[in-house]
Structures are given as structure tokens and as C-alpha cells.
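Geometric and topological summary
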Amino acid sequence: MQQYIDFVTSNPILSLIWVGLVVAIIASFVKQKTAGYSVVTPNQATALANRENGVFIDIRSRDEYRQGHISGALHILPSQIKEQNFAELEKHKSDPIIVVCKTGQTAHESANLLHKAGFEKVSLLKDGLISWNEANLPLIRSKSGKGKR
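I will try to describe carefully the structure that is included in this document. (Residues numbered from 1 in each chain as written. Predicted model: local features only at pLDDT ≥ 70, side-chain atom pairs only at ≥ 80, totals over all residues. Heavy atoms only, no water.)

**Some words on a nonpolar patch on the surface**
Residues Trp 18, Val 19, Val 22, Val 23, Ile 26 and Val 30 make up a contiguous nonpolar surface patch of roughly 560 Å² in combined accessible area. Tracing the chain through its elements places Ile 26 in helix α2 (residues 12–34). (Patch = residues over 30% accessible without salt bridge, like charges linked within 9 Å, V, L, I, M, F, W, Y side chains within 5 Å. Areas by Shrake-Rupley, 256 points an atom, 1.4 Å probe, with all protein chains shown as cover. Salt bridge = Lys/Arg side-chain N within 4 Å of Asp/Glu carboxyl O. Helix = DSSP H or I, 4+ residues; strand = E, 2+ residues; numbered from the N terminus.)

Following this line, the structure appears as C-alpha cells:
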């Protein structure tokens, strides 16, 4: 125990960084366990869509959506979710909802908001469309100026 005390007193900055990292890791695990959504892989997302009538919600910009999106994905912007302007999604309240963004980093807030809005089974695609592409799963590309909504 004396070694730890000596280390902390002789390396206060390094000790604070270590404590900060431990707290951040614990906070991350707690946040993930208490979130109103689950994180799913592309294969799990496909199973949810095929077996349980799951719906993909693509929250990327309109241009990114037109460049390539998951087949059947609804395009809803994060601002629409914040304003609860998602009437086309209301009929899917009890169906699995899979929120998709480009990297999986920006969809957390949208997934939480959907859960708070009463959607029962909200999931987040782990690593977003990057993982979808890495799994060699298909994307639909819009041919004209009008994207599928």
C-alpha cells in the first residue's frame, strides 16, 4: 500500500489522469446499461428487420441518404426527432426501430429521444453505415434528384 501512496505523491498528474480514465470507463458502462436503446450489429439489425418487422431510421443528411441507404430505410432528420415530427413512424411504435447514422456516434441522442417518445424497441446500429458496408450488405442509391422518403 505504501508503494501506491508513494506513486501518487510523486506523480500527481499521472494519478489524476488514471483516476479520470477509470471514472470515464465506469460512466460509459453505466450510461450504456441505463440507455433506453440497445446497440446491434448489422447481422442483428437485419434479423430484427426480417423477423420482427423492424424499421431502419436513417438520420444522415439528405445528400448522404441519396448517396446510399439501407433498403426500406425511412429518412428522418435529428431535428425532426427533437421536434417529434415523425408522423410516418407512429404506426411502428411497437416494432423494432434501428437508428442509423454514418459512424454510430451521432445517433445516440436520436435513439434516446425516440425511446422517450414511447417507441418500445429502439436500437442503434453499431458503428453506423461503416459497419454495414464492412459486412458487405447492400445499399440503395437514389438515381434521380428526388430521394425516397
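Moving on, there is more to tell.
**A closer look at the packing of helix α1 (residues 2–10) against α2**
At their nearest, the axes of α1 and α2 sit 5 Å apart, and the two run at 110° to each other. Put simply, α1 runs roughly perpendicular to α2. Contacts between α1 and α2 involve Phe 7, Val 8, Thr 9 and Ser 10 from the first element and Pro 12, Leu 14 and Ser 15 from the second. For the contact of α1 with α2, the per-class residue count stands at 4 nonpolar, 3 polar and no charged. (Axes fitted to C-alpha atoms, helices over the stretch in contact; angles between N-to-C directions. Parallel < 35°, antiparallel > 145°, perpendicular 65-115°, else oblique. Contact = heavy atoms within 4.5 Å. Nonpolar A, V, L, I, M, F, W, Y, C, P; charged D, E, K, R; others polar.)

**Overview of the environment of Ala 47**
Turning to its location among the elements, Ala 47 is positioned in helix α3 (residues 42–51). Judged by relative accessible area, Ala 47 falls into the partly exposed class, the value being 23%. (Buried < 20%, exposed > 50% of the residue type's maximum accessible area, 1.4 Å probe, protein only.)

**Describing the pattern of salt bridges**
Under the criterion given, the structure shown has 3 salt bridges. For the salt bridge of Asp 58 with Arg 60, the shortest nitrogen-to-oxygen distance reads 2.8 Å. Across the pair, Arg 60 and Asp 58 agree in class, each one buried. Glu 90 is the salt-bridge partner of Lys 93, the closest N and O atoms lying 3.7 Å from each other. By relative accessible area, which is 25% here, Lys 93 ends up partly exposed. Judged by relative accessible area, which is 37%, Glu 90 ranks as partly exposed.

**Re the side chain of Gln 80**
On the secondary structure map, Gln 80 appears in helix α5 (residues 78–82). Among the polar contacts listed, one links the side chain of Gln 80 to the backbone nitrogen of Leu 77, at a separation of 2.8 Å. (Polar contact = N/O pair within 3.5 Å; in protein donor to acceptor, adjacent residues only side chain to side chain.)

**Looking at the layout of surface pockets**
Using a probe with the size of a water molecule, rolled over the atoms, empty space left in the structure can be pinpointed. Counted as a void, the largest pocket has a volume near 180 Å³. Going through the elements one at a time, α2 and β1 (37–40) are the ones with two or more residues in the lining of the largest pocket. The element contributing the most residues to the lining of the largest pocket is α2, with 4 residues. A per-class count over the lining of the largest pocket returns 4 nonpolar, 3 polar and 1 charged. (1 Å grid on protein atoms, 1.4 Å probe; cavity = no way out; pocket = protein on both sides within 12 Å on 5 of 7 lines; lining within 4 Å. Points joined across faces, edges and corners; volume = space filled by probe spheres on them.)

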